[in-house]
Amino acid sequence: MRTTTHLPNDEYEELFDINLVAACVLDDIPIEAYNRDPKNAPRVGFLLRKSNKLKNLINLYLSGLLTVEPKQFAAEIRNLKARTKIPY
């Protein structure tokens, strides 16, 4: 995962909800990069490649129908925070 602000917007979806991002990672959707604006710290935008799988997962998440294994989910949240230096 790299920090960047120069990826094409038509190929990537930028997500700011760390819970949604953790669910995506657990469903094998990799994070391509992330954006961190020093003025808006600790806000981080995670960039994921657009796909039908990502679109379907976002729809499930927003409709409240997505399920994840709680321990893996909590571990992934901690991992994302550590990798992007978001305070707990």
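The structure contained in this document is the topic of the report that follows.

Okay, the overall build of the chain next. A count of helical and extended segments in the chain gives three helices and four strands. Start at the N end of the chain and walk to the C end: the helices and strands fall as β-β-α-β-β-α-α. Relative to its 88 residues, the chain shows a buried fraction of 33%. For the chain, contacts bridging at least 24 residues in sequence account for 72% of all contacts bridging at least 6.

We now examine unusual backbone geometry. Positive phi outside glycine occurs at aspartate 28, with the angle close to 65 degrees. By relative accessible area, aspartate 28 is classed as exposed at 64%.

Once that is clear, we can look at helix H3 (residues 70-84). With 15 residues, H3 extends 21 Å from end C-alpha to end C-alpha; this agrees with the ideal 21 Å at 1.5 Å per step. Among all positions in H3, only Glu76, Ile77, Leu80, Lys81 and Thr84 are buried. Each buried residue of H3 lies within a common arc of 135 degrees when the element is viewed along its axis, so the set occupies one face. On its buried side, H3 packs onto helix H1 (18-26), strand E3 (31-36) and strand E4 (44-49). Downstream of H3 by one or two residues, lysine 85 has phi in the positive range, about 60 degrees.

Right, let's get into the nonpolar core. Ranked by internal contacts, the top residues of the largest apolar core, which has 19 residues, are Leu15, Cys24, Phe46, Leu48, Leu54 and Leu80. Considering each element in turn, this core owes the most residues, six residues, to H1. Setting aside residues no more than four positions away along its own chain, leucine 80 makes contact with Ile18, Val21, Ala22, Ile31 and Phe46.

What counts as what
- Every chain is numbered independently, its residues counted from 1 as its sequence is written.
- Two thresholds apply to this predicted model, a pLDDT of at least 70 for residue-level local features and 80 or more for giving and counting side-chain atom pairs, whereas whole-chain, interface and lining totals are computed over all residues.
- Values reported for side chains reflect all heavy atoms of the structure, with hydrogen atoms and water molecules removed beforehand.
- Numbering of helices and strands runs from the N terminus, with a helix taken as a DSSP run of H or I at least four residues long and a strand as a DSSP run of E at least two residues long.
- The cut-offs for exposure are 20% and 50% of the maximum accessible area for each residue type, with area from a 1.4 Å probe on protein chains only; residues under the lower value are buried, those over the upper are exposed, and the others partly exposed.
- When checking whether two residues touch, look at their non-hydrogen atoms; a contact exists if any pair is within 4.5 Å.
- Multiplying 1.5 Å by the helix residue count minus one yields the expected span of that helix.
- What the arc measures is the spread of directions leading from the helix axis to the C-beta atoms.
- Residues belong to one nonpolar core when they are buried, are Ala, Val, Leu, Ile, Met, Phe, Trp, Tyr or Cys, and are joined through side-chain atoms within 4.5 Å.

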